[in-house]
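Per-entry structural report
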Amino acid sequence: MISLRIDGRLIKAEEGERVLQIAIREGIDIPHLCYHEAFEEPYGSCRLCIVELKEGGSSRITTSCTLMAREGMEIKTDTPEVIKHRKLLLELYLAQAPLSNNIKKLAERYGIKGTRFHKTLNLEDPLGGKCILCGLCIRACREIIKASAIGYIGRGEATRINTPFLEENPDCIGCGSCANICPTEAISFEDRDKRRIMRSWSNTQVNLKICKLCGHPFTPEPLWLKVKEKSTYTPSEEIEEVCPNCRIKIVSKRLVKPYSL
Ligand code: SF4
Ligand code: FES
């Protein structure tokens, strides 16, 4: 174990832990967008998690999600310099993602209501005006779901995220992990007529699995098959292909035996 100080608080941490991880664990607020605990390696693209590091008689501003904790480090999360940089970043994000409520809320926390920057938005892109290109959706799809259905396309100013060649991609299993992990809530999908339509991913469609008892769709079929294939648990025939609501009814009927005199 090592000791470091964050905003004056003495904190014990494991060697190799990142400063942002420690701060989250300790309930210390450092705004961040591209960090997610699901990934071991931080990406370090949004820069919003910057802090001031004092060590060996000098100080510098650095990103806390990439910073490995070391014995004796002193971290300050809200010096005037840190706040100044963070506000500038938020202004840039407001220019890039003005349609994201999460970005607006974050900016408002720092008293920012408008931006001095201008970015031409591509509103034909389903993520236009909402995506900050943090890459979390791509990583979730590739590293967690192992589907690699989406990626960066285009270059420079025109960089965006979608399926290859903007075509429906059969590799997408419709799990929605990308939408769940997106810090700006940029990704949309809808369930309609027993199909999941990934609006943001070139309208890729997958079938929804239908509950054999109530007839309601309850999960994307390719996701259901993937979980079944990977799982070591074999459900009884009675509850297989049954939605969570019907499963609960079956299990509670089993548990609550009729009261007999
Ligand atoms: S869609 Fe969301 S998760 Fe994906 S890169 Fe854009 S902001 Fe990040
Ligand atoms: S959370 Fe650290 S750079 Fe994005």
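Everything quoted here is computed from the prediction, not taken from an experiment.

Focus on unusual backbone geometry
For D193, which is not glycine, the phi torsion reads 50° and is therefore positive. Relative to the helices and strands, D193 is located in the loop between β8 (190-192) and β9 (195-198). Positive phi, normally seen in glycine, also occurs at E241, with a value near 60°. One can find E241 in the loop between α6 (221-230) and α7 (244-255). Taking the relative accessible area as the measure of exposure, E241 reaches 30% and is therefore partly exposed.

Remarks on the site of ligand 1
Neighbouring residues of ligand 1: 13 residues in total, closest C131, C134, C137, I161 and C182. Looking at side-chain class alone, the shell around ligand 1 contains 11 nonpolar, 2 polar and no charged residues.

So, the pairing of strand β4 (residues 58-63)
Note: strand β3 (residues 50-55) against β4, 6 bridges, orientation antiparallel. Residue pairing for β4: L53 is matched across the bridge by R60. From the end of β3 to the start of β4, which pair antiparallel, there are 2 residues, and G56 there has a positive phi angle of about 55°.

Regarding the sheet that holds strand β10 (residues 204-210)
The sheet built from 4 strands is open, its strands ordered β8-β9-β10-β11 with antiparallel pairing. Edge strands, defined here as strands with exactly one partner in the open sheet, are β8 and β11 (217-220). Here the average twist between neighbouring strands, direction ignored, is 35°. Packed on one face of the sheet, α6 meets β10 and β11 and runs near 70° to β11.

Concerning the packing of aromatic side chains
Overall, the coordinates contain 0 aromatic pairs when judged by the stated rule. Of note, R139 hangs over the ring of F39, and the distance from its end group to the ring centre comes to 4.4 Å. Between K209 and the ring centre of W224, over which it is positioned, the NZ or CZ distance is 4.1 Å.

Topic: the pattern of salt bridges
Counted according to the given criterion, the structure contains 17 salt bridges. The closest approach of N and O atoms between E241 and K209, which form a salt bridge, is 3.3 Å. Pair noted here: E241 is in the loop between α6 and α7 and K209 is in strand β10, with a separation of 32 residues, a long-range link. Connected via shared salt-bridge partners are R9, E17, R25 and E26.

Overview of the domain arrangement of the protein
Each assigned domain of the protein is listed with its residue range as follows: domain 1 (2-78) and domain 2 (136-252). The distance between the C-alpha centroids of domain 1 and domain 2 comes to 34 Å. The interface of domain 1 with domain 2 comprises 9 residues on the first partner and 8 residues on the second. For the pair domain 1 and domain 2, the summed buried surface comes to about 690 Å²; carbon and sulfur atoms form 69% of the total. Of all residues in domain 1, the largest losses of buried area upon contact with domain 2 belong to L33, F39 and Y43, amounting jointly to 71% of the total for that side. On inspection of domain 1 and its partner domain 2, the count reaches 0 salt bridges. Linking domain 1 to domain 2 there are 1 residue pair in polar contact (both at pLDDT 80 or more). Counted by class, the side of domain 1 that touches domain 2 contains 7 nonpolar, 1 polar and 1 charged residues.

Some details on the side chain of R139
Its location among the elements puts R139 in helix α4 (residues 136-144). R139 gets classed as buried once you look at its relative accessible area, which sits at 8%. With near-sequence residues (within four places) excluded, R139 lies in contact with F39, E41, P42, Y43 and I144.

What about the pairing of strand β1 (residues 2-6)?
Across the 5 residues that make up β1, a large majority, 4, are buried. Linking two consecutive strands that pair antiparallel, namely β1 and strand β2 (residues 9-13), is a turn of 2 residues; a positive phi of about 50° is found at D7 within it. Where β1 lies against strand β5 (residues 74-76), 2 bridges are found, and the strand directions are parallel. Residue I6 lies in a different strand from β5, and its bridge partner there is I75.

Criteria and cut-off values
- Residues numbered from 1 in each chain as written.
- Chains lettered and ligands numbered in written order.
- Predicted model: local features only at pLDDT ≥ 70, side-chain atom pairs only at ≥ 80, totals over all residues.
- Heavy atoms only, no water.
- Helix = DSSP H or I, 4+ residues; strand = E, 2+ residues; numbered from the N terminus.
- Buried < 20%, exposed > 50% of the residue type's maximum accessible area, 1.4 Å probe, protein only.
- Near = heavy atom within 4 Å.
- Nonpolar A, V, L, I, M, F, W, Y, C, P; charged D, E, K, R; others polar.
- Pairing = 2+ DSSP bridges.
- Axes fitted to C-alpha atoms, helices over the stretch in contact; angles between N-to-C directions.
- Contact = heavy atoms within 4.5 Å.
- Phe/Tyr/Trp six-rings, centres within 6.5 Å; stacked < 30°, edge-to-face > 60°.
- Lys NZ or Arg CZ within 6 Å of the ring centre and 35° of its normal.
- Salt bridge = Lys/Arg side-chain N within 4 Å of Asp/Glu carboxyl O.
- Domains from an automatic or database assignment.
- Buried area = accessible area lost by both parts, 1.4 Å probe.
- Polar contact = N/O pair within 3.5 Å; in protein donor to acceptor, adjacent residues only side chain to side chain.

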